[in-house]
Amino acid sequence: MSPNYLLMYSERLATDIELLCQNIKTSSNTIFQIRKSSSSVYANIREANYGQSKADMLSKFEISLKECSETEGWLKLLFNTNAIDELTYKKNRNLCGRIRRMLISSCKTLKESIDKVRC
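Just so it is clear, the model here is predicted, and its values are computed rather than measured. (Residues numbered from 1 in each chain as written. Predicted model: local features only at pLDDT ≥ 70, side-chain atom pairs only at ≥ 80, totals over all residues. Heavy atoms only, no water.)

Let us look at the packing of aromatic side chains. For the structure on display, the rule yields two aromatic pairs. Ring centres of F79 and Y89 lie 4.8 Å apart, and the angle between their planes is 10°; this geometry places the pair in the stacked category. Here F79, found in helix α3 (residues 54–80), pairs with Y89, found in helix α4 (residues 86–118); they are 10 residues apart in sequence, far enough to count as distant. Overall, the relative accessible area of 24% leaves F79 in the partly exposed class. One Lys or Arg, R98, reaches over the ring of Y9 and ends 4.9 Å from the middle of that ring. (Phe/Tyr/Trp six-rings, centres within 6.5 Å; stacked < 30°, edge-to-face > 60°. Helix = DSSP H or I, 4+ residues; strand = E, 2+ residues; numbered from the N terminus. Buried < 20%, exposed > 50% of the residue type's maximum accessible area, 1.4 Å probe, protein only. Lys NZ or Arg CZ within 6 Å of the ring centre and 35° of its normal.)

This is the structure:
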């Protein structure tokens, strides 16, 4: 069985963000929100792997895509407020970008597959 890179990258993102948040010494809504969005990316991708149908899988991937975008936004806010340094920001932003591109491709493939069945 080939490795599931989307799952591996999303797990890395959720883990990295959790560790990052543990090291930021502030109690803010931003920390809560980025933890929530990054873990949602991972959780929905895991759920998609056991989707009840292609449509269910697509729905979970689309949720992950939105949560990934949200995570990027929170990262930008943390960087803009000097809560994280540029290297940390870029590393996590690039990981979000990789996940986002994989999700877009997966959603496109699933939509095409669903459309073929409907015809």
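Take the nonpolar core next. I17, I34, I45, F61, L75, I84 and I99 are the most contacted members of the largest nonpolar core, which has 30 residues in total. Only α1 (5–23), α2 (29–48), α3 and α4 provide two or more residues apiece to this core. When sequence neighbours within four positions are dropped, the list of residues in contact with I34 reads I17, C21, T71, W74, L75 and L78. (Core = buried A, V, L, I, M, F, W, Y, C linked by side-chain atoms within 4.5 Å. Contact = heavy atoms within 4.5 Å.)

Here the focus is the pattern of salt bridges. Counting across every chain of the model gives seven salt bridges. E18 serves as the salt-bridge partner of R35, at 2.9 Å between the closest nitrogen and oxygen. Highlighted residues: R35 in helix α2 and E18 in helix α1, separated in sequence by 17 residues. Close ionic contact of K60 with E47 constitutes a salt bridge, the shortest N to O distance being 3.7 Å. Residue K60 is located in helix α3, and its partner E47 is located in helix α2; the two are separated by 13 residues in the primary sequence. Put simply, E47, D56 and K60 are held in one network by salt bridges that share partners. (Salt bridge = Lys/Arg side-chain N within 4 Å of Asp/Glu carboxyl O.)

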